[in-house]
Structures are given as structure tokens and as C-alpha cells.
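As a plain string of letters, each chain reads:
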Amino acid sequence: MLEGGVIRVTKRIAVIGGGTMGIGIAQLFSTNGYQVTLVDVNKEALYLAKERMEYQLSTLLSNSDDVKSVLASVSMTVEMSEVKTAEFIIEAVPEKRDLKQQVLQEIERFCAEETIIATNTSGLSIDSLAESLTYPQRMMGTHFFMPAHVIPLVEVVKAKATSEAVADKVMSLLKEVGKRPVLIKKDIPGFIANRIQHAMAREAISLLASGVASAEDIDTVIRYSLAPRLLFSGPLEQRDLNGLDVHFHIASYLYPDLENRTDPDPFFVKKVEAGELGIKSGKGFYNWQDRNVQAIVEEKNNAILQIMKALKDRDNKEGN
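Criteria and cut-off values
Residues numbered from 1 in each chain as written. Predicted model: local features only at pLDDT ≥ 70, side-chain atom pairs only at ≥ 80, totals over all residues. Heavy atoms only, no water. Patch = residues over 30% accessible without salt bridge, like charges linked within 9 Å, V, L, I, M, F, W, Y side chains within 5 Å. Areas by Shrake-Rupley, 256 points an atom, 1.4 Å probe, with all protein chains shown as cover. Salt bridge = Lys/Arg side-chain N within 4 Å of Asp/Glu carboxyl O. Helix = DSSP H or I, 4+ residues; strand = E, 2+ residues; numbered from the N terminus. Buried < 20%, exposed > 50% of the residue type's maximum accessible area, 1.4 Å probe, protein only. Pairing = 2+ DSSP bridges. Axes fitted to C-alpha atoms, helices over the stretch in contact; angles between N-to-C directions. Contact = heavy atoms within 4.5 Å. Phe/Tyr/Trp six-rings, centres within 6.5 Å; stacked < 30°, edge-to-face > 60°.

Novice: Even after reading the chapter, I still don't get a nonpolar patch on the surface, so can you show me in this structure?
Specialist: On the surface, a nonpolar cluster with roughly 560 Å² of combined accessible area is contributed by Val246, Ile250, Tyr253, Leu254, Tyr255 and Leu258. Residue placement: Leu258 occurs in the loop between helix H10 (244–254) and helix H11 (266–273).

This is the structure in C-alpha cells:
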């Protein structure tokens, strides 16, 4: 089985869940030469997934024959039994622990013993999800970021039971399809990115609630100061560049004044209770009514693609 044996992953994978994340992951692998089986219990979801993938591919690939070729490499089905030929399976159903455990158990009913299983989650405990499997050593977490076919990073999270061979294979496979995976050695809530992202969002919401500045101005501060620099230096490297002594002195007076609440800000709570949920309701921190949200999102994704390409070219020149 897995212990000490050879872990094989061929060019055949399965993605479980035809939502936004599942579509992006399926598209990522299909455009990199993989035969992909996309499984969802909802036929309508699969129909919409095919439409969405075709549209996304048409914006990325100039040749219509290439679009058709990629689409032909993706089969869509409501039958979980179709995962039996896959040697790598990524579960990407909604972020509900019980649902994921149920789906993982069903996957294991049909797949071979040597099949590697990954659960895509932004923060659920991989250890608790692995407990639902007969062979937990062949499972680990993969946190893709939306859109999954655009953002390079994938957080790869080991459960206590995950074998080293499985971890090594998943890291290699993600690198093969052009991702920048990082190995999370401890199964902690939110992993790395979401912990840092929510710490920043907590402070931003607090600043907005306190009337320090408008939502637009707070976002402008991040977009035109921190964001460009963070592309080339992470927060720890930046501390080295600035000098740890400088950071220490600033931290000594600033940390006590930073937002450190352990529950959502009442200002945030009221928005959710009022149904102001963002683009899905037409209003959140911004007013999205009468705006072409799809065009806005596509423009942002295209811009990210250009930036990521430039960053990749730079890394290749430097041998990273």
C-alpha cells in the first residue's frame, strides 16, 4: 500500500465538486495535460461548470481548437464511482466539516488503495477530516486560492497521519502544473494565508468602523503601498530590510493600539445581519448595484494573470 511503497500519480485525476473552486482546479489540471473527471451530484451544476470553464478558457486561449481540446479532456458526471480510475482526487465541496467527511468516505469506497486524496479547504482541520478515512495516511489538505487557475500559491497541509511519500508527491505534482506550493507542517486553523489575511481585514474593518477613513481610502492605502511591495518581499523579509530594531521600536508603541478583538466587530455583524453581504446582495462595504460585477472581476483576474506572468519570468531569471 502506501507505507514505503511507490506512490504513482498518472495523468488522470478527479475533482469532486462543480462549484467555483472545483471548476478552477479542473481547468488547471486539464490545461496541463491531465484527463480530469469532474463529479457533482447536481446535473445543473455540471452544466453551468462546463459553460463557465468554456468561457474562462476562451479568455485565456486564443485558439478555439485549443479550447475544444482542453474541454474534451474533462468528463463530467454525477456518479462517484467514476473516480475509480483516478490516481489523484481533490475534494472541493463546500466548507462544511460533516459534508466533507461524508464525501471523503464515499470517495474511499470507490477509489483504489494507492490513490492519493486531497481535501481543498481554507481552514478546516485536516486531522479531523483524515479521521474519517480507512487509510488516513494517503490524505492531506490543499488550499487553492480563487481563482484556482490563476493564483499560483497552494497551501499543502499535512495531517498527523499523512505519509511523507504522499506529501512529497503532492508537492511535486503541484509544481508540475505550475503552482507554488508551500508545506504547512502544523494543522492550525486558517493555515498561513487566512490567518494573515484575517488579521489585516480585522484591522481594516476596525479603522472603517471607527471613522478613520472611507472603505475606498483604506483599500487605496493597501493597494498602493503594501501590495506592490509584498509581491517582492514578504513581511518577514521586509522586517530584515528595514531593520529589526526599527520594527521593534514601532511594534512597542503600535501593538497595544492595534485591534485585537476575538470576535467579529459589531459594525461587521450589523452588515451581515442586514443582508449586506457584498456582490451577492449588491451591497457590502461598497455599493455594487448597477455595476457590471462580472466584468470587474474578469478585469481584476486578467490583471493578476499579467502580474503573475511577470513575477514568474522574474523568478525564472533569478533561478527561484
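Novice: Help me out: how do you make sense of the pattern of salt bridges in this one?
Specialist: Two side chains with opposite charge may pair up if their charged atoms get near one another. Counted by the stated rule, this structure contains eight salt bridges. Lys100 serves as the salt-bridge partner of Glu91, at 2.5 Å between the closest nitrogen and oxygen. Where Lys100 meets Glu95, a salt bridge forms, and the shortest distance between an N and an O atom there is 3.9 Å. Look at Lys100 and you get buried, because its relative accessible area is 0%. Residues joined in a network through salt bridges with shared partners are Glu91, Glu95 and Lys100.

Novice: Help me out: how do you make sense of the sheet that holds strand E6 (residues 139–144) in this one?
Specialist: Within a sheet, neighbouring strands are paired by backbone hydrogen bonds and run either parallel or antiparallel to one another. Read across the open sheet, the eight strands follow the order E3-E2-E1-E4-E5-E6-E7-E8; overall the sheet is mixed. Strand pairing shows two members of the sheet lacking a second neighbour, strand E3 (74–77) and strand E8 (180–184), which therefore form its edges. Between one strand axis and the next, the sheet turns by 25° as a mean value, whatever way the strands run. Of the pairings in the sheet, the one linking E6 to strand E7 (residues 153–158) comprises five bridges and is antiparallel in character. Bridging across to E7, Gly141 finds its partner in Val157. Contacts between helix H4 (residues 97–110) and the sheet are confined to strand E1 (12–16), strand E4 (88–91), strand E5 (116–120) and E6, with E4 contributing the most and set at about 160° to the helix.

Novice: So what exactly am I meant to see when it comes to the packing of aromatic side chains here?
Specialist: The geometry of two aromatic rings is summed up by the distance between their centres and the angle between their planes. The final tally for this structure, using the stated rule, is five aromatic pairs. Ring centres of Phe29 and Tyr34 lie 5.3 Å apart, and the angle between their planes is 90°; on these two criteria the pair is classed as edge-to-face. Just as Phe29 is buried, Tyr34 falls in that class too. For the ring pair Phe267 and Phe285, a centre distance of 6.4 Å and an interplane angle of 20° mean the geometry is stacked. One end of the pair, Phe267, is in helix H11; the other, Phe285, is in the loop between H11 and helix H12 (293–318), with 18 residues separating them in the sequence.

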